[in-house]
Amino acid sequence: MSSVSHESAKAALEAAEARFIANNPLSKKQHELAIGALPGGNTRTLLHTSPFPLTMKQGKGAHVWDEDGHKYLDLVGELTAGLYGHTNPIIRETMLSTFDNVGLSLGSTTVQEHKHASLLCSRFKLKRVRMANTGTEANMHALAGARHYTSRRKVIVFSGGYHGAVFSFPNGKAAPNTVDKDDFVVVARYNDIGLAVDTIRSTPDLAAVLVEPMQGAGGCIPGSKEFLHAIQDAAHEVGALFILDEVMTSRLAPHGLGFELGLKPDLVTMGKYLGGGLAFGAFGGREEVMAVYDPRVEGSLAHSGTFNNNTLVTSVGYEALKRVFTEEACVELNERGDGLRERLKQVTKGTKIMFSGRGSLIGVHFVDEAVEVFTCGEDIQGKERRDLRDLFWFEMLEAGYWTTRRGFVALILETEEKELEGFVEAVGKFAERHRDIMAL
Ligand code: PMP
C-alpha cells in the first residue's frame, strides 16, 4: 500500500466527514443536548459514532428517517432484532389487541406464555424453554444452569465471541466488564479444531463450551460444520455441556442454524427478533438440564425476572413467528441474502472490500491485502483498514443506506429486491469512485 493512496484515503475520509457534519445539523444538535444527560450522549455503546451519531426520528416498513429529514433503506435491521421492520401490521394489531383485551402487568402466569414457549420448542426443537428479557440474560441463565447441572465452574468461549453486554471476548480476552471473568477460558482462534479440542480436554472443572454457530459481532464468520461438531463432541467427552448461542443465528434456518448443521446442543440461547421487536431472550434445550430450573424441585435454581412473561412480548413474539417469519419466509429471506452477498462480491472484485456471513446476515470488511482464508478474526488482524470502513459508512449514508459503522448488514423481511439492487449499485459505484484507494 503506497503512502500516496493512504494520503488520498485520508483526504477522502476528511471530506466525507465534513459533508456529514454539514448535512446533519439537527443530529449534531441532538447529540450536544444528549451529552447533558447521558455519558457521551449514549446509552448503547455500539451506537456511538464519531463525530456524532445520526438521530433517527421514524421508521416505516424497511426505511428510517433521521432528524434532518433524510430517508434511508434500513440495512442495520437493529442488529438482527429488526427482522420484521418498523411497522408490521400483524405486530401492530397484536400489540393493540393485547393491550385492549389482556392488559399489561398481570403479575401472574398466563396461557399466552405457554403458547409462546410451545411454539419456540417446536420451531427450534427444544424440549423445554424459559424466557428472559435479553440475549445477555439468556446466556447468563444458561451458564448458571450448566454450572448447577455439572457442579463445575469453567466455561470455554472463543476469541471474537460475543454473548451479551457482559460476556464479550474480543482479541482473545474477556472484556473488562465480563461477569465471572476468571471462570472463562478463551480459545485464541475460532474455527481452529485442534486448538479448541485440546483446550476442552485440558481445562479442569469445565461446565460448558459456549459458542456462536456463526460469530456475529466478531465479523459474521460462519463456524465450519466440522469445527462445531468437534467441539460439541469434545465437550461431551469431558462431561461438559455444549451451549449454542443462537441469539443472532436462529433466523438463518427454519429451525435455527444449529439444527441445520446437525448439531445437538444441550442448551440453546436465543433472543432478538423472537420478541417481535420487543425486548426478549430465551434459553432452552434438554429436559434433564432445564429441570435445574423446575421450582417444584428442592434445591433448584431460581430464575426470576419481572418481565420474563410480560403479556406484550409473549403475544407479539408468538404471532410474529407463527404468522410472519414462517419457515418458508425464513428460507426465502436467507436465499435473498446469499444472492445479495454474491452480487456485492462481484461488484467489488479486486478491491479491498470483503464480504462474509451467511444468509441474511452480511459482514463488510476492508483489508489491505487479499485474504485467502477467513475463518476467524485473527486471520485479518493487522490487515484491517478502519479509515476505508468509515469512508464506506459515510458515503453509504449519503447514498441513502443505513448500515452499521462496524460493517454489518441484517436484512429486513419487507425490503424489496429492487432496493437491494440499488445498494449493490451504490457499493459498485463507491468501489469505482475510489478505485485508487480501494484496488488491491
Ligand atoms: N449473543 C449474541 C450472539 C448476540 O449477538 C447478542 C446481541 N448482539 C447477544 C447474545 C446479547 O443479546 P442482547 O443484546 O439482547 O442482550
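Everything numeric in this text was worked out from a predicted model, so none of it was measured.

Colleague: Before we move on, can you summarise the site of the ligand with the specific residues and values?
Modeller: The environment of the ligand is made up of Thr 134, Gly 135, Thr 136, Asn 139, Tyr 162, His 163, Gly 164, Glu 212, Asp 245, Val 247, Met 248 and Lys 272. Residue Tyr 162 places a main-chain N or O atom 3.5 Å away from a nitrogen atom belonging to the ligand. Computed on the free molecule, the ligand has an accessible area of 390 Å², of which 84% lies beneath the protein chains in the complex.

Colleague: Account for unusual backbone geometry, naming residues and giving values.
Modeller: Residue Pro 51 is reached from Ser 50 by a cis peptide bond, and omega for that bond is 5°. Structurally, Pro 51 is set in the loop between α2 (25-34) and β1 (56-60). With phi around 60°, Lys 125 is a residue other than glycine that occupies positive phi space. Looking at where Lys 125 falls in the secondary structure, it is placed in the loop between α4 (111-124) and β4 (128-132). In the Ramachandran plot, Asn 191 falls in the positive-phi region, its phi being about 70° despite a non-glycine side chain. Of note, Asn 191 is situated in the loop between β8 (184-187) and α6 (193-202).

Colleague: Before we move on, can you summarise the environment of Leu 267 with the specific residues and values?
Modeller: Residue position: Leu 267 is located in strand β13 (residues 267-271). Classification of Leu 267 as buried rests on a relative accessible area of 1%. In sequence terms Leu 267 and Lys 154 are 113 residues apart; their C-alpha atoms lie 16 Å from each other. If we skip the residues at most four places from it in the chain, Leu 267 touches Ala 142, Leu 241, Phe 242, Ile 243, Leu 244, Gly 284, Gly 285, Val 289 and Met 290.

Colleague: Describe the packing of aromatic side chains, and please don't skip the residues or the numbers.
Modeller: The geometry of an aromatic ring pair comes down to the distance between the two centres and the angle between the two planes. Applying the stated criterion to the full structure yields 16 aromatic pairs. Between Tyr 273 and Phe 325, the aromatic rings sit 5.4 Å apart at their centres with planes inclined by 80°, giving edge-to-face as the arrangement. Residue Tyr 273 is found in the loop between β13 and β14 (281-285), and its partner Phe 325 is found in the loop between α10 (311-324) and α11 (327-347); the two are separated by 52 residues along the sequence. Residue classification places Phe 325 among the buried residues on the basis of a relative accessible area of 0%. Counting every residue linked through ring pairs, the aromatic cluster contains Phe 20, Phe 52, Trp 393 and Phe 394. Here the basic side chain of Lys 125 rests over the ring of Phe 259, its NZ or CZ set 5.9 Å away from the ring centre.

Colleague: Account for the nonpolar core, with residues named and values stated.
Modeller: Judged by nonpolar contacts, the single largest core of 107 residues is most densely connected at Tyr 84, Phe 158, Ile 231 and Phe 325. Both domains that meet at this core, namely domain 1 (1-54) and domain 2 (89-324), each give it at least three residues. With residues near it in sequence (within four places) discarded, Phe 325 still touches Leu 83, Tyr 84, Arg 123, Arg 251, Tyr 273, Ala 320, Cys 330, Leu 333 and Leu 413. Formed by 20 residues, the second largest nonpolar core is a distinct cluster that contains Ala 174, Phe 283, Val 289 and Tyr 293.

Colleague: So, helix α5 (residues 135-150): which residues are in play, and what are the values?
Modeller: Here α5 spans 22 Å end to end across 16 residues, near enough to the 22 Å set by a 1.5 Å rise per residue. Burial within α5 is extensive, with twelve of its 16 residues counted as buried. N-capping of α5 is provided by Thr 134, with a side-chain oxygen placed 3.4 Å from the backbone N of Thr 136. Directly after α5, the chain includes Ser 151, whose backbone phi takes a positive value near 55°.

Colleague: Mind laying out the sheet that holds strand β18 (residues 408-410), listing which residues take part and the relevant values?
Modeller: Pairing within the open sheet is antiparallel, and its three strands lie in the order β15-β16-β18. Edge positions in the open sheet fall to β15 (353-358) and β18, since each of these has one partner strand only. Taken pair by pair, the neighbouring strands of this sheet meet at an average axis angle of 20°, ignoring direction. For strand β16 (residues 361-366) and β18, the ladder comprises three bridges, and the chain directions are antiparallel. Bridge pairing in β18 places Gly 363 opposite Phe 408.

Definitions and cut-offs
Residues numbered from 1 in each chain as written. Predicted model: local features only at pLDDT ≥ 70, side-chain atom pairs only at ≥ 80, totals over all residues. Heavy atoms only, no water. Near = heavy atom within 4 Å. Polar contact = N/O pair within 3.5 Å; in protein donor to acceptor, adjacent residues only side chain to side chain. Areas by Shrake-Rupley, 256 points an atom, 1.4 Å probe, with all protein chains shown as cover. Helix = DSSP H or I, 4+ residues; strand = E, 2+ residues; numbered from the N terminus. Buried < 20%, exposed > 50% of the residue type's maximum accessible area, 1.4 Å probe, protein only. Contact = heavy atoms within 4.5 Å. Phe/Tyr/Trp six-rings, centres within 6.5 Å; stacked < 30°, edge-to-face > 60°. Lys NZ or Arg CZ within 6 Å of the ring centre and 35° of its normal. Core = buried A, V, L, I, M, F, W, Y, C linked by side-chain atoms within 4.5 Å. Domains from an automatic or database assignment. Expected span 1.5 Å × (residues − 1). Pairing = 2+ DSSP bridges. Axes fitted to C-alpha atoms, helices over the stretch in contact; angles between N-to-C directions.

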